[in-house]
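Each chain, written out:
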Amino acid sequence: MSRKLLALIVLLFLIIAVLAGVLIHAQKRSLPGGPLMPGRTTDKKSGSPDASDRESRTTVSALGRLEPEGEVIEVNAAEVDRLERLTVQEGETVESGAVLGYLERHAVRLAEKNQAASQLEEAKKRYEAEKAYGEALVKEAELALQRAEEILPVEVRIEELGILQKEELLLQDLKAQEVRVTQLQAQLAAETALHRAQIREAELRVQEVESLFPINVQAQEAVLRQFQAEYAHAKSDLERLDKLTQGKTITDEEVQRKSSLMNQSLERMKNAEAVLARIKSAHAIDTVAASAQLETAKARLQSTESQIVIQLQAAIADLEKLRRRLAMETLGRRPRPGSDAAGSEKPSPDPFADLNNALLLVEKLKKSTLVEQELARAKLAAARSNLARTLNNIPIDSLEKSLQLAQARLEWSILKAPSAGEILKIFIRPGEQTGSSPILKMGNTRQMYAVAEVYETDIGLVRKGQPASVSSPALRQPIDGEVEHIGRMIFKNDVLSVDPAADTDARVIEVRIKLRDSFSAASLTNLQVDVRIQVGPGSTARGGSGYVPPVSDAVARFTSP
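Source: prediction; values computed, not measured.

Draft legend 1. Structural detail: the pattern of salt bridges. This structure, assessed with the given rule, holds 17 salt bridges. In this structure, Glu 95 and Arg 446 form a salt bridge, with 3.5 Å as the shortest nitrogen-oxygen distance. Here Arg 446 lies in strand E9 (residues 440–455) and Glu 95 lies in the loop between strand E3 (93–94) and strand E4 (99–103), a separation of 351 residues in the sequence. Among the residues examined, Arg 446 registers a relative accessible area of 57% and is labelled exposed. Lys 416 is the partner of Glu 411 in a salt bridge, and the nearest nitrogen-oxygen pair spans 2.9 Å. The class of Lys 416 is partly exposed, set by a relative accessible area of 37%.

Okay, structure coming up:
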């Protein structure tokens, strides 16, 4: 193919593109409510459309672009390095925090982190070993001090007691046994008194049963006779009324009332007879129970007295044994006249010689105990000081900080998704240098938005909740949506029309429109679209509010030099 032919083809394509732009621009200008063009009539003072034109507007048209929810996010490297590998591809959906790739220094950072973790683990093991060894030495010193402060004085005390120990123990046993005998005697008296009281109570119960039975029977018989008399009286009244009824002088109601009174008297009489029968039958049961209670109390008295007497006799026998043993021990320690095999008497030994020797031994033990105590205190202080010095020489805190630093550096070498979304474009491939430019771009394409650049002169017609329609030749059909957010700053337009006569220095405000069908627009981020917002009366879908600052004030504020 020659260069001339190629140039002709390129020129032909350029001419077709220009003609298509002119046709599209002419079509937009012919539609009502189209975007404000350079030739549009405006109020020169305020920069807004004519009042009649403004009131007749039903739509606001603007150019816009598609973008995901939260806009397009650029993922950069935390430091300048080479990209080692990526774990995602374009079009892949990831969750927040998912790993996207690794820098070339990741292996080094991982090795540094593992080394710091190993050093920290070794330091902790050494710390635990040194701590266990030092605590063992401290425990040994504490036990030695405890022995010096508690056990050695006890040994001295034992030596001081010496010969008198057995005698004191026997005296204690003797006193305890005497207390035991006294307790058994008191227990015998108390148990005897208690059981005698129970016997007396049982006897009174028997007397009560025998004495109250005739009284209860007489009282209930009197009640029964009263109810019998009432029944007989009611019965006679009823019979008399029956005779009078035959003569038609008494009403049926009076007869029924008298019959009811007779039945009530009969029921009370029967109840009284039942109570009398129950009293008579209960008398036999109460008599047997009271007699059994009396016999039981007597048997308990005999059993308790015999048991306590046996224990008391055994305690008295043990007391006598202790007294004889104490007498023998006392006599064995007293100076006695010596005698040989023939029975000849020898002079009695000095009873104070052993005592003096024992006192000297006790004094030596006291001095030795004081020395042992001081030595044990010194060893304990040295062991504690050595343990603290050894543990302070192990840098656990600094190693933990080093591990945290290594972990942070390792995180720098890992690319993670800042939020959930779809990978839109990858700019840097493995092996390329990272820097200020993004490695990739991503966004939440599950919910797409159209960002319309509405002219500053039309923004006063736009309200939140107004329905909108987004169209483009790249879309199969227009996508409906509604105005969700109105910007608060005026910018220069970013989306430029293909019309060569279009205003390239227009002042616009961004209006975000939430699309109902995000699936159709998910793969078309940054697509240039035509946006039409319904601004006529009743067009607000959910009663949203409009642009808060007045348009004239905003224009004056942002356009003033």
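Draft legend 2. Just the environment of Asp 397, in detail. Mapping Asp 397 onto the fold places it in helix H7 (residues 396–412). What makes Asp 397 exposed here is its relative accessible area of 54%. In this structure the C-alpha to C-alpha distance between Asp 397 and Leu 120, which are 277 residues apart in sequence, comes to 9.0 Å.

Draft legend 3. Just the packing of aromatic side chains, in detail. Applying the stated criterion to the full structure yields zero aromatic pairs. The residue whose ring lies beneath Arg 512 is Tyr 449, and the NZ or CZ to ring-centre distance is 4.6 Å.

Draft legend 4. A look at the sheet that holds strand E7 (residues 414–416). If you trace the three strands from one edge of the open sheet to the other, you get E2-E4-E7, paired in antiparallel fashion. Where the open sheet ends on each side, the last strands, each with one partner, are strand E2 (83–86) and E7. With strand direction ignored, the average angle separating the axes of adjacent strands in the sheet is 25°. For E2 and E4, the ladder comprises three bridges, and the chain directions are antiparallel.

Draft legend 5. Summary view of the pairing of strand E11 (residues 479–492). Across four bridges, strand E10 (residues 467–471) lies against E11 in antiparallel orientation. Bridge pairing in E11 places Ser 469 opposite Asp 480. Where E11 lies against strand E12 (residues 507–515), eight bridges are found, and the strand directions are antiparallel. Its bridge partner lying in E12, His 485 is registered against Arg 512.

Draft legend 6. A look at the side chain of Thr 434. Within the secondary structure, Thr 434 sits in the loop between strand E8 (421–426) and E9. Within polar-contact distance, the side chain of Thr 434 engages the backbone oxygen of Glu 79 at 3.4 Å. Separated by 2.6 Å, the side chain of Thr 434 and the backbone oxygen of Asp 81 make a polar contact. Leaving out residues up to four positions away in the same chain, Thr 434 has contacts with Ala 77, Glu 79, Val 80, Asp 81, Arg 82, Leu 83, Leu 103, Ile 428 and Ile 439.

Parameters and conventions
Residues numbered from 1 in each chain as written. Predicted model: local features only at pLDDT ≥ 70, side-chain atom pairs only at ≥ 80, totals over all residues. Heavy atoms only, no water. Salt bridge = Lys/Arg side-chain N within 4 Å of Asp/Glu carboxyl O. Helix = DSSP H or I, 4+ residues; strand = E, 2+ residues; numbered from the N terminus. Buried < 20%, exposed > 50% of the residue type's maximum accessible area, 1.4 Å probe, protein only. Phe/Tyr/Trp six-rings, centres within 6.5 Å; stacked < 30°, edge-to-face > 60°. Lys NZ or Arg CZ within 6 Å of the ring centre and 35° of its normal. Pairing = 2+ DSSP bridges. Axes fitted to C-alpha atoms, helices over the stretch in contact; angles between N-to-C directions. Polar contact = N/O pair within 3.5 Å; in protein donor to acceptor, adjacent residues only side chain to side chain. Contact = heavy atoms within 4.5 Å.

In short, the description is geometric, and any link to function would need to be established separately.
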